[in-house]
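# Observations on the three-dimensional arrangement
For reference, the chains in residue letters:
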Amino acid sequence: MHRDTGKGERPPSFFVGIGASAGGLEALEAFFAHMPANSGMAFVVIQHLAPDYKSLMVELLSKRTAMAVRRAEQGMRVEPDTVYLIPPRKHLTIFHGKLILKEHDHGKGLNLPIDIFLHSLAQDQAEKAIAIILSGTGSDGVRGIRAIKEAGGMIMVQSEASAKFDGMPRAAVATGLADIVLPPEEMPARLLGFIRQPIADPAHRTPVLFSDADGLDRIFQLLREQTKVDFTLYKPSTVMRRIERRMTVTQAEDLNAYVRVLETRPIEVATLYRELLISVTSFFRDHSVFDALRTHYLPSLLRSVGNRELRFWVPGCATGEEAYTLAILVRESMAGLGDARNIKIFATDLDRDALLNAGNGVYPDSIGADLPAGLLTKYFVHREHTFQVQRQIREMVVFAQHNLAKDPPFTNIDLVSCRNLLIYLQPALQQKVMAFINFSLNPGGLLLLGTSETPGEAIELFETLDHKLKIYRSRGRKRPLAGVPFQVSAHTPLETTAVRFDSGRRVLSARQEERMQEHLLEALAADYGFALAVVNEHLDLLFLAGETDGLLRLPSGRVHNDITRMAVKELSIPLATGLQKVFGSGDEIRYTNIRLPSGAGVRTMQMRMRLLPAKKGHERIAVVAIESAASPQNELPANGTQAYDLSQEAEQRIHDLEQDLQFTKENLQATIEELETANEELQATNEELLASNEELQSTNEELQSVNEELHTVNAEYQSKILELTETTNDLDNLIAATNIATLFLDENLEIRKFTPALEKIYRITEADLGRPLFHLAHCLEGIEPLTTVQTVVGGNRMIEQECRTRDGDWFLMRVLPYAVGGGETSGIVLTFTDIGPLKQIQADLSMERSQLLSVFNSIDHIIYVADMDDYTVLFANETARKVYGERIEGGICHEVLQQRSEPCDFCTNVIIRANPGVPHRWEYRSPVTGADYDITDRVIHWPDGRSVRLELAVDITERKRMEMALCEVVESGEADSGNR
C-alpha cells in the first residue's frame with residue numbers, strides 16, 4: 001500500500017488521461033519524447049494489458065522522458081510532472097487526486113479500462129481533465145470522452161492517418177466531441193498552448209467575458225445566422241463555459257479575437273454550435289430510473305390506456321440512445337404483459353448531424369457496458385466494431401429536427417422524457433418548455449426529468465410519483481398555449497441580446513410588445529369568431545388563436561410546421577395559393593364559398609389573408625382569418641380586396657383532380673408495397689445470415705481482444721529485443737577489445753559461446769558450438785581445465801589458477817558459475833587473462849629486490865625502517881638481525897632497540913615529521929648491546945604512502961674507546977708536566 005508522504009506538494013495544473021491499445025507504444029513514445037518534463041501536468045496512461053504479462057512500459061517510457069514514470073499503486077497521490085501506468089489485471093480510477101485500484105472481473109463482459117478511468121477523471125477533476133485517445137482497435141474511450149466533455153474537459157485524438165490501428169481514434173472522432181486531432185508528436189505543443197491560456201485554469205478566470213456585450217452579440221448573431229438557433233436564453237454559465245473552452249482550444253487571447261476566428265472560419269461556428277448543444281447521452285443513463293420504469297410505471301401505463309397506440313416524446317434526444325432505451329423497455333414490458341400494440345416514439349433535437357446518426361442506430365461496441373445483461377444480443381446486431389439497433393426497434397422511433405423554443409409541441413403524448421435539458425436553459429425558457437410539455441401530455445401521462453431538474457412553477461400541473469427519480473404524472477390541467485407562443489417573430493432584435501443574456505429573468509420590451517400583439521389577436525378572434533393564424537414566408541405557423549376545430553390538425557408522424565399541411569384538405573389549396581399571392585404582391589386576398597364537411601352536413605367558410613406591419617430587418621409575416629360565411633352568396637370585396645369564389649364547378653374540378661391524384665398515389669403505393677415486400681424478404685434472409693454469423697462475430701471479437709493484448713506485448717518485446725541486441729553487440733565489442741579469452745558453457749558443459757582470443761589455448765572453431773568441453777584439446781601444461789570446471793560445478797564457487805602453455809605463455813585462469821539472477825546459476829564461464837607481461841615484471845622486481853638485499857646485507861652497519869605511526873619495524877638488514885636477533889622485523893622499534901616503553905623523541909617530533917628527507921645525526925649508546933653508535937635518521941615515504949623512519953647506525957664503540965684512551969694519555973701527560 002502506497003502511503004501519502006504528506007509533503008504538501010502543489011497539485012497538477014491538469015490531469016491528462018491517455019488511452020492506448022494496439023499500436024499505442026509507438027504513439028506513447030512519440031508523445032512523451034516531445035513533452036517537456038516541467039509542464040506541471042500529470043499523465044495517467046491506460047492500456048489493454050494481458051492479465052499474466054509483466055509490462056515493460058515503465059522501463060521503455062523512462063528512456064523517452066525525463067519525467068518520473070511509475071506503476072500505479074493503491075492510494076498513490078497524483079503529482080505533477082509524473083507519468084502513471086496501469087498495472088495488469090486492474091481497473092484504475094481516481095478519487096480526490098488519489099489513484100484507486102480494483103481487480104478486473106473477467107465475468108462482467110467487455111473490458112473497458114479507458115472508459116472506466118476517464119469517467120472517474122471527469123467526476124473527480126471536471127474542467128481540469130484532459131483526455132487523449134491514441135492508437136488501438138475497438139471503441140474503448142468513447143464513453144469516457146463523453147463524460148469528460150460533459151464535465152467541461154478537453155479532448156485530443158490521434159489522427160487516423162498516423163495511428164497504426166485507427167479503431168479507437170476513428171470512434172472518438174465520430175462522436176464529434178474531439179477538440180484537437182493531431183499526430184502524437186504534434187500534440188504536446190498544442191497541449192502546452194492550451195494550458196497556458198489565461199482562461200484555461202478555472203481558478204484564474206475573470207468575469208471580463210460577461211462584460212463584453214458587443215462580442216457576445218456578435219457571437220450570438222453568427223450562431224443564429226448559420227444555425228437559425230437563438231442561444232440567448234441558455235444559461236449564461238453554460239454558454240460562457242463552452243465559449244471559454246473553445247477560446248482556449250483555438251488559443252484566442254480575448255473575446256474579440258475569438259469573434260474574428262468565428263468570422264474567418266465558419267467551421268468554428270459549427271463547432272461552437274455542437275459544443276453548446278451538449279449532445280452527451282448513453283443507453284440506460286441512471287439505471288435506477290429505467291429500472292423503475294420497467295418494473296412499475298410502464299406496465300401500469302400500458303394497462304391504463306386500453307388497446308390504443310402509445311405515443312412517447314423525447315425532446316433533446318441527441319444521438320438517440322435514450323429514445324432506443326425507451327423503445328427497448330416498452331417492448332420488454334409488452335412482452336411481460338403479453339401485450340401487442342403500436343408504439344410511436346418521437347425523438348427530436350436541434351442537431352441534424354446527431355439525428356442522422358441516431359436514425360442509423362449504429363453505436364460503438366463499448367455500449368455493451370451500459371446495457372443490462374441479455375438486451376445487447378436481443379436487440380442489437382453486431383457488425384465489426386459496432387452494434388446496430390434491430391430494425392423492429394428502429395421502426396418504433398421517429399427522429400425529427402425540432403426547436404423547443406419555437407416549434408409547436410406534439411399532441412396526445414403518453415410519456416415525455418426531457419432529461420438533463422432544462423438545466424441548460426434560463427427560467428423563462430424552462431417555463432415555456434414545461435408549458436409545451438403539459439400541453440402535449442394526455443391526462444395521466446408520465447414525465448421524466450433529470451436528477452437535477454424540477455417542473456418549477458408548473459409543479460401544480462403534475463403529480464409527483466417519485467421525487468428522487470424525478471418521475472411525474474400529468475394532472476390533465478390543460479393551459480392554452482396563447483400565453484406561450486411558438487414565436488411570432490423569427491428573429492429577436494440584437495439590441496436585447498446582452499440584456500436578456502445577462503439577467504435571464506428580466507421582462508424585455510420586445511417581449512411585452514409581442515404579448516400585446518398576442519392579446520390583441522386573441523381578443524379579435526374571440527369577439528368576432530375568427531380563427532386567426534400568423535405565418536411567415538415559409539408558411540410556418542407562428543401563432544394561433546380562436547377556434548380551429550375542423551380547420552387545422554396536427555398530423556401524426558414527423559412534425560411539420562407548414563400550415564398548408566396542418567390544414568384540412570379543403571383549406572390547404574386556398575391557403576397555399578393565397579399566401580403565395582399575399583407575400584408576392586402584398587395585396588389582401590379573400591376566398592369565399594369554401595365548403596367544409598361537418599357532422600351536420602356542409603358548412604360554408606370564408607378566408608382573408610393580408611400582410612402584417614413589420615419592423616425593418618424583421619421577417620415578413622401574414623395573418624390568416626377564417627370565419628363562417630353568413631350566407632352562401634358572394635360578397636363584394638371591400639376596398640379593392642381581391643376576392644375568389646370557390647364555386648361548385650371549381651370544387652368539382654378540384655375533386656376530379658384529387659381523384660386522379662389519389663388514383664396515381666394508390667398505384668404508386670401498390671408498387672412501393674411490392675418493393676417493400678421484396679425488401680422484407682431480403683431483409684429476413686439477411687437477418688438469418690446475420691444471426692448465423694453472430695456467434696462467429698462474438699468469437700472474432702474475443703480473438704480480436706486477445707490479438708490486441710498480444711500486439712501490445714509484442715510491441716514491448718520488440719523494443720526490448722532491440723535493446724538486448726544493442727547490449728549484446730556492446731558486450732561483444734567490449735570482450736573483443738579486452739583481448740581476454742572467454743569460454744561460455746551451458747549447464748551440460750557444452751560450448752555456448754567463445755571469444756577469438758580463446759584460440760591461443762584451445763583448438764576451437766565456430767563448428768564446435770554445442771560440443772562438450774572434453775572434446776576440445778588445449779595447450780596448457782600441468783593443469784586440466786575440465787577438472788577445475790567440475791570442481792566449480794560441485795562447489796558453486798570461483799577458482800583462480802595461474803597456468804602456462806607449451807609455448808611458455810602465462811595466463812590467469814578464472815572458472816566461475818554463470819549467474820542468472822536470484823542466486824541461480826546456469827553454466828560455467830572460463831576466462832584466461834594474459835599475465836605474461838605481469839610475470840616478467842614480477843621476475844624483474846624479484847631480481848631487483850635480491851640485488852638490493854645483497855647490497856644492504858653486505859653493509860656492516862645497522863639499517864632498519866620503522867613505521868612512525870605504529871612504530872613497527874618494517875625492514876632490517878642482516879647486520880641488524882645479527883645484533884638484535886631475528887625478532888627485530890615486526891617488532892616495536894623502541895621496545896626492541898631501546899628497551900623503552902614509550903617512543904623516542906624522533907618519532908614523536910612534529911617538526912621532524914613535517915620535513916621529510918632532512919637528515920638528523922647523533923650518537924647513542926644502546927642499552928641492549930652496550931655499544932656506541934653514530935646514528936643518521938631521516939623521514940621518508942614508504943611505497944604505500946606511509947611516513948617511515950630510515951636509520952643508519954654505525955658502530956663507533958672502538959673509536960670511542962680509542963678516543964677515551966687518547967684522552968687519558970693526554971691527561972696523564974698534562975699531569976706530568978705540571979708536576980715538573
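Labelled according to an unreviewed UniProt entry, the protein appears under the name PAS domain-containing protein, originating from Desulfatitalea alkaliphila.

It is worth spelling out the overall build of the protein at this point. When you go through the protein residue by residue, the secondary structure sums to 29 helices and 36 strands. Scored against the burial criterion, the 980 residues of the protein give a buried share of 46%. Contacts in the protein between residues far apart in sequence, at least 24 positions, make up 63% of those at least 6 positions apart. Total accessible area on the protein is roughly 48,900 Å²; 52% of this is exposed by carbon and sulfur atoms.

Here Asn420 lies in the loop between β16 (413–418) and α17 (427–440). For Asn420, a relative accessible area of 18% corresponds to the buried category. Every residue in contact with Asn420, bar those within four places of it in the chain, is listed here: Arg285, Gly450, Thr451 and Glu453.

This brings us to the pattern of salt bridges. Evaluated as defined, the whole model comprises 43 salt bridges. When salt bridges with common partners are traced through the structure, they connect Lys149, Asp179, Arg242, Arg246, Glu268 and Glu275 into a single cluster.

Further remarks concern the confidence of the model for the protein. Taken residue by residue, the protein gives an average pLDDT of 81. The fraction at 70 or more is 85%. Element-level pLDDT for the protein is lowest in helix α18 (residues 497–503), with a mean of 42, against a maximum mean of 94 in strand β7 (residues 129–133). Predicted confidence for residues 1–8 stays below pLDDT 50, and this span has eight contacts to residues more than four positions away or in other chains. Counting contacts from residues 482–511, a segment whose pLDDT is below 50, to residues more than four positions away or on other chains yields 73 contacts.

With the rule as written, the count across this model stands at 16 aromatic pairs. Taking 5.6 Å as the distance between ring centres and 80° as the angle between the ring planes, the aromatic pair formed by Phe32 and Phe43 counts as edge-to-face. Here Phe43 lies in strand β2 (residues 42–47) and Phe32 lies in helix α1 (residues 24–33), a separation of 11 residues in the sequence. Its relative accessible area of 1% is what places Phe32 among the buried residues. An aromatic cluster is present here, built from Phe283, Tyr324, Tyr363, Phe380 and Phe399 joined pairwise through their rings.

Calculation notes
- Residues numbered from 1 in each chain as written.
- Predicted model: local features only at pLDDT ≥ 70, side-chain atom pairs only at ≥ 80, totals over all residues.
- Heavy atoms only, no water.
- Helix = DSSP H or I, 4+ residues; strand = E, 2+ residues; numbered from the N terminus.
- Buried < 20%, exposed > 50% of the residue type's maximum accessible area, 1.4 Å probe, protein only.
- Contact = heavy atoms within 4.5 Å.
- Areas by Shrake-Rupley, 256 points an atom, 1.4 Å probe, with all protein chains shown as cover.
- Salt bridge = Lys/Arg side-chain N within 4 Å of Asp/Glu carboxyl O.
- pLDDT = per-residue confidence, 0-100.
- Phe/Tyr/Trp six-rings, centres within 6.5 Å; stacked < 30°, edge-to-face > 60°.

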